[in-house]
Amino acid sequence: MQYLAAKYQTRARDLRQRLREDRQKQYTSLLSAVRRIQAVFRRRQLIRRKKAEEARANQKAALVLCDFGRRVVTIMAAKKELSRRVSYLLQLLICRVAKVMCHCCKCLIGPSMLASDLSCMADEAKKVIAGGADYLHLDVMDGHFVPNITWGPPVIKHLRKHCPDIFFDCHMMVSNPEQWVQEIKDAGGDQYTFHLEAARDPAGLIEQIKATGMRVGMALRPGTPIEDALPWVDSVDVVLVMTVEPGFGGQKFMADMMPKVAYLRAKCPEKDIEVDGGLGPATVDAAARAGANMIVAGSSVFNSEVPAKVIAALRRSVEKLGNGKSEEELTELPS
């Protein structure tokens, strides 16, 4: 019995020793793996930090070049030494040379409900939502700021009942934007885009909109210099560059507004920049190259037999020319 007890004790001791050795090996192996992973992460962080520093330096140099070029061309155009078309081409060339076009902002397509069949507005909205729209662009006009009247909070409120989940971008073409902030919020608005030209106190209006929880958009008419908006660009979520005169749908796209977009993209690489007016598959490339990531399209979407194809074409343009994606990474065109 003593012999057996000693034998089993020896075996138990050997087994415990092997278990300890196995645990030690596992611990050493795990520790080594953790250290390797930490080293990989440190290398990646250094690479990202270096790339970020290079990007900031490039952005600063590009912005200086872009700003200087724009000022020179603007002065020459004012002295009538350059035509409007040549001025636009030179400014856009300056922006491209400065390499300020590529950005990482998500592409968003917002059909403008002003171009829909207003007799069945809810059905039209559902059709474009099913076709891939990211948000609905709702033009509110009061007949004072622009020479047209569309709809107000009651219509938005009823449309919200039929479209409970889609984002409502309310473009306020009104002479007193401060008056309607709370009513638009109560009606179901998600973004309140005011015109800088109509705001008496832009800073106060921005805070008023933020207090309701809505996103803040700031719109500029074609004749408004981009310099007028710079004091408030950092305070808003979206800058809307109008590519037609506000008030009516179906107007021709104003390509000479693209230097504004390019300058904004150079100055604010992570800012949502929206363009509105005359946009469709034939004109969106100019906006995408300039750096716009939010595309408002009305007639081109609602006049199409297959809105989903138009929406996908607009998205592919921004992804390719704005985000720099390869053909394999682009959104697929619907069949």
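- As named in an unreviewed UniProt entry, the protein chain is ribulose-phosphate 3-epimerase, taken from Nannochloropsis salina CCMP1776.
- UniProt lists a comment for the protein chain under the heading Catalytic activity (unreviewed entry), and it reads "D-ribulose 5-phosphate = D-xylulose 5-phosphate".

What to know about the packing of aromatic side chains
- On inspection of all chains with the given rule, the structure shows zero aromatic pairs.
- Above the face of the Phe145 ring, Arg221 is positioned so that its terminal group lies 4.8 Å from the ring centre.

Some points on the state of the cysteines
- Enumeration according to the criterion identifies zero disulfides in this entry.
- Cys105 supplies the cysteine sulfur nearest to Cys104, a cysteine that is in no disulfide, at a spacing of 5.4 Å.

A closer look at the pairing of strand β2 (residues 135-141)
- With seven of seven residues buried, β2 lies mostly within the body of the structure.
- With seven bridges joining them, β2 and strand β3 (residues 167-173) adopt parallel strand pairing. Within the sheet, the bridge partner assigned to Asp139 lies in β3 and is His171.

Considerations on the sheet that holds strand β1 (residues 108-111)
- Ordered in space as β1-β8-β7-β6-β5-β4-β3-β2, the eight strands form an open sheet in which the pairing is parallel. Two strands bound the open sheet, and with one partner strand each, they are β1 and β2. On average, adjacent strands in this sheet sit at an angle of 20° to one another, irrespective of strand direction.
- Along the sheet face, helix α8 (residues 258-267) touches β6 (238-242) and β7 (272-276) and points at about 170° away from the line of β7.

Brief notes about the environment of Met172
- Its place among the elements puts Met172 in strand β3.
- Once the C-alpha coordinates of Met172 and Asp139 are considered, the two residues, 33 residues apart in sequence, prove to be 6.4 Å apart.

Brief notes about the pattern of salt bridges
- In the structure shown here, the tally under the stated rule is eight salt bridges.
- One salt bridge in this structure joins Asp272 and Arg215, with 3.0 Å as the shortest N-O distance. Of this pair, Asp272 sits in strand β7 while Arg215 sits in strand β5 (residues 215-220), placing them 57 residues apart in sequence.
- With a relative accessible area of 17%, Asp272 lands in the buried category.
- Look at Arg215 and you get partly exposed, because its relative accessible area is 26%.
- Several salt bridges share partner residues, and in doing so they unite Arg316, Lys320 and Glu327 into one network.

Quick notes on helix α4 (residues 153-162)
- Looking only at α4, the buried set comprises Pro153, Ile156, Leu159 and Arg160. Summarising the axial view, the buried residues of α4 lie within an arc of 125°, below the 170-degree limit, and thus occupy one face. Turned more than 90 degrees away from the buried face of α4, the exposed residues are Pro154 and Lys161.
- Check the buried side of α4 and you find it contacts α3 (121-130), β2, β3 and α5 (181-187).

Rules of the game
- Residues numbered from 1 in each chain as written.
- Predicted model: local features only at pLDDT ≥ 70, side-chain atom pairs only at ≥ 80, totals over all residues.
- Heavy atoms only, no water.
- UniProt positions renumbered as here; feature names shortened; annotations may be inferred.
- Phe/Tyr/Trp six-rings, centres within 6.5 Å; stacked < 30°, edge-to-face > 60°.
- Lys NZ or Arg CZ within 6 Å of the ring centre and 35° of its normal.
- Disulfide = S-S within 2.5 Å.
- Buried < 20%, exposed > 50% of the residue type's maximum accessible area, 1.4 Å probe, protein only.
- Helix = DSSP H or I, 4+ residues; strand = E, 2+ residues; numbered from the N terminus.
- Pairing = 2+ DSSP bridges.
- Axes fitted to C-alpha atoms, helices over the stretch in contact; angles between N-to-C directions.
- Contact = heavy atoms within 4.5 Å.
- Salt bridge = Lys/Arg side-chain N within 4 Å of Asp/Glu carboxyl O.
- Arc of directions from axis to C-beta.

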